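Structural description and commentary
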Amino acid sequence: MVRAIVGANWGDEGKGKITDMLGEESDIVIRFQGGSNAGHTIINDYGRFALHLLPSGVFYKHTTNIIGNGVALNIPYLVKEINDLVEKGVPAPHILVSDRAQVLMPYHIEFDAYEEERLGGKSFGSTKSGIAPFYSDKYAKIGFQVSELFGGEELKEKVERVCQMKNVMLEHLYHKPLLDPQKIYETLLEYRDMVAPYVCDVSLYLNQALKENKTILLEGQLGSLKDPDHGIYPMVTSSSTLAAYGAIGAGIPPYEITDIVTVVKAYSSAVGAGEFVSEIFGSEADELRRRGGDKGEFGATTGRPRRVGWFDAVASRYGCRIQGATEVALTVLDVLGYLDEIPMCVGYEIDGKVTRDFPTTVSLHKAKPVWKTMPGWKCDIRGITEYEKLPQECRDYIEAIERELEVPITMVSNGPSRHEIIKRSK
Ligand code: GDP
């Protein structure tokens, strides 16, 4: 059985917590896209963790955690993240890395920073983890697969060829120090030794696991609106954030993914630039930002304050549709307990017309939010585990969201810890 856990919004919906929770019942957890550019926050008996590259199943002894071929693999970062866990008392996790994953090179990080610097005020707000240069190289066919590290002399020749190209850009566009191919080659040999214990033919491994009816979780990073095809292009990430890509980024047949748990946040937040129709500003935003998440809405990778807004039904319904959501986990609902009234964006006004359908970026640019307001519940709902025990106003808010999403809400997260969850039947 394969289940995907993905985000419907701009990311930071709380996928880490849901994956950690469902990871308990899983044999395998896989990261299938992205890199160390976003964080999953997990709070459990070992403490509070911000995982960036590792799958969120690493806290269970019975779980195999896989870095799929679709991931941007920062090898030193992977090793650091594993060591950090062990240092904090977590038993050494079982980790496999696809032999088809590509290696995030040190120069990808440099190029990411140089490009942001060059763009100045028009920058993407990149986390400077090297993700865009990494995927550009992958599709330009000048990336390095893990398997190539174990090849022979060809590696050295390829490094020289790639550096020649990169050095033209460094010299003439960025005016930065040039790459030394010999040094890069030596770095790759170090990477090879670091990753060697984990390398595996992952699609073959998963094929066997499927035959044995193992429970597999695909863990997405970011959310629908950051998808390069279906998101708010160009303010998107560089790999697909959709459940469908899980099949490719892990190496399994698409029809094996039967459950798509789509995580929707009870209000909105976004890091980086890009269209965000239900965004709020000033003291209203400051208060939500301060109260949001488990420690305020600040980026898990960069510490940057996140942009915040009210729940956006137009964007979230689209986010669920494009994921193919079979069920929804509604998260961080507890944060809204301070409000007398809760605004919800239920339409976009574009050129004088109201729409419920999420448009392309050109129209989004002109969209103004159409608000509906619901009464708040004015109390702390953390720790409640039965749906019927939630205040009426709170249930009304959840059910209004469910009607807007057109997907059943099967889980309501009312606190950052694993057990702060309310389960509902479909
Ligand atoms: P991910 O990128 O989707 O995994 O999202 P994050 O891990 O960045 O989650 C966003 C933040 O919300 C983190 O600080 C979590 O600890 C926190 N969080 C997740 N679920 C809940 C919840 O139900 N209530 C509260 N208050 N915080 C939550």
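Our subject is the structure listed above.
Notes on the structure in this doc start here. Predicted, not measured: the structure shown is a model, and the values here were computed from it. (Residues numbered from 1 in each chain as written. Predicted model: local features only at pLDDT ≥ 70, side-chain atom pairs only at ≥ 80, totals over all residues. Heavy atoms only, no water.)

Thoughts on the site of the ligand
Neighbouring the ligand are 20 residues, the closest being Lys15, Gly16, Thr41, Asp294 and Ser413. At a separation of 3.5 Å, an oxygen atom of the ligand approaches a polar side-chain atom of Asp12. In the model, an oxygen atom of the ligand is placed 2.7 Å from a nitrogen or oxygen of the Lys15 main chain. Alone, the ligand offers 590 Å² of accessible surface; in the complex the protein occludes 97% of this. Secondary structure elements with two or more residues in the shell around the ligand: helix 1 (15-23) and strand 3 (40-44). Classifying every residue of the shell around the ligand gives 3 nonpolar, 9 polar and 8 charged. (Near = heavy atom within 4 Å. Polar contact = N/O pair within 3.5 Å; in protein donor to acceptor, adjacent residues only side chain to side chain. Areas by Shrake-Rupley, 256 points an atom, 1.4 Å probe, with all protein chains shown as cover. Helix = DSSP H or I, 4+ residues; strand = E, 2+ residues; numbered from the N terminus. Nonpolar A, V, L, I, M, F, W, Y, C, P; charged D, E, K, R; others polar.)

Looking at helix 6 (residues 154-174)
For helix 6, built from 21 residues, the straight-helix expectation of 30 Å at 1.5 Å per residue is met to within 8% by its first-to-last C-alpha distance of 29 Å. Every buried residue of helix 6 is accounted for by Leu155, Lys158, Val159, Val162, Cys163, Lys166, Asn167, Leu170 and Tyr174. In this structure, the buried residues of helix 6 make contact with helix 3 (106-119), helix 4 (131-139), helix 5 (146-149) and helix 7 (181-195). His175 occupies a position one or two residues after helix 6 and carries a positive phi of about 55 degrees. (Expected span 1.5 Å × (residues − 1). Buried < 20%, exposed > 50% of the residue type's maximum accessible area, 1.4 Å probe, protein only. Contact = heavy atoms within 4.5 Å.)

A closer look at the sheet that holds strand 19 (residues 409-413)
A sheet is described by the order of its strands in space; here 10 strands give the open sequence 9-7-5-2-10-1-11-15-19-20, paired in mixed fashion. Looking at strand neighbours, the two that pair on one side only are strand 9 (199-200) and strand 20 (421-423), the edges of this open sheet. Here 2 bridges tie strand 7 (residues 94-98) to strand 9, and the two strands are oriented parallel to one another. Opposite Val97, over in strand 9, you have Val199 as the bridge partner. (Pairing = 2+ DSSP bridges.)

Let's talk about the packing of helix 2 (residues 75-87) against helix 7
The description of two helices packed together rests on the angle between their axes and the distance between the axes. In the contact formed by helix 2 and helix 7, the axes pass within 9 Å of each other and the chain directions differ by 35 degrees. Judged by the twist between their axes, the crossing of helix 2 over helix 7 is left-handed. Side by side, helix 2 and helix 7 meet where Ile75, Pro76 and Val79 of the first sit next to Tyr191, Met194 and Val195 of the second. Along the lines of polarity and charge, the residues of the contact of helix 2 with helix 7 split into 6 nonpolar, no polar and no charged. (Axes fitted to C-alpha atoms, helices over the stretch in contact; angles between N-to-C directions. Left-handed = near helix turned anticlockwise from the far one by under 90°.)

Focus on the pattern of salt bridges
Following the criterion strictly, the structure yields 27 salt bridges and no others. Between Arg3 and Asp259 there is a salt bridge, and its shortest N-O distance comes to 2.9 Å. Residue Arg3 is located in strand 1 (residues 2-7), and its partner Asp259 is located in strand 11 (residues 257-265); the two are separated by 256 residues in the primary sequence. Neither residue differs from the other here; Arg3 and Asp259 are each classed as buried. Glu287 is the partner of Arg291 in a salt bridge, and the nearest nitrogen-oxygen pair spans 2.9 Å. Residue Arg291 and its partner Glu287 are both found in helix 10 (residues 282-291); the two are separated by 4 residues, about one turn of the helix. Since its relative accessible area comes to 28%, Glu287 is described here as partly exposed. Salt bridges sharing common partners tie together Asp12, Lys265, Glu297 and Arg306. (Salt bridge = Lys/Arg side-chain N within 4 Å of Asp/Glu carboxyl O.)

A short note on helix 13 (residues 392-405)
The end-to-end C-alpha distance of helix 13, which contains 14 residues, comes to 20 Å, matching closely the 20 Å that a straight helix rising 1.5 Å per residue would cover. Positive phi shows up at Glu406, right after helix 13, with a value of about 65 degrees.

Side note on the pairing of strand 2 (residues 28-31)
Residues of strand 2 alternate between two faces, with Ile28 and Ile30 on one and Val29 and Arg31 on the opposite face, all of them buried. Where strand 2 and strand 5 (residues 64-67) come together, 4 bridges link them in parallel fashion. Bridging from a neighbouring strand, Ile30 pairs with Ile66 of strand 5.

Regarding the environment of Leu179
Turning to its location among the elements, Leu179 is positioned in the loop between helix 6 and helix 7. Leu179 sits in the buried class, given a relative accessible area of 11%. Sequence separation between Leu179 and Glu160 is 19 residues, and the spatial gap between their C-alpha atoms is 9.6 Å. Not counting chain neighbours up to four residues away, the residues in contact with Leu179 comprise Tyr107, Glu110, Cys163, Lys166, Asn167, Leu170 and Ile184.

Observations concerning the pairing of strand 19
Taken across its 5 residues, strand 19 has 5 buried, putting it largely inside the fold. In the sheet, strand 15 (residues 327-331) pairs with strand 19 via 3 bridges, with the strands oriented parallel. In the sheet register, Leu330 faces strand 19, and the bridge partner there is Val412. Bridge count between strand 19 and strand 20: 3 bridges; the pairing is antiparallel. Across the sheet, the residue bridging to Ser413 is Ile421, located in strand 20.

Description of the state of the cysteines
One covalent bond between the sulfur atoms of two cysteine residues makes up a disulfide. Applying the stated criterion across every chain, the model contains 0 disulfides. Of all cysteine sulfurs, the one in Cys394 lies closest to Cys379, which takes part in no disulfide; the gap is 7.5 Å. Exposure remark for Cys379: the relative accessible area of 32% places this residue in the partly exposed category. (Disulfide = S-S within 2.5 Å.)

Some remarks on unusual backbone geometry
With an omega of 5 degrees, the peptide bond running from Tyr233 to Pro234 counts as cis. Here Asn213, not a glycine, exhibits a phi torsion of approximately 60 degrees, which is positive. Residue position: Asn213 is located in the loop between helix 8 (202-211) and strand 10 (216-223). Since its relative accessible area comes to 64%, Asn213 is described here as exposed. One non-glycine residue, Asp351, adopts positive backbone phi at about 50 degrees. Within the secondary structure, Asp351 is located in the loop between strand 16 (341-350) and strand 17 (353-355).

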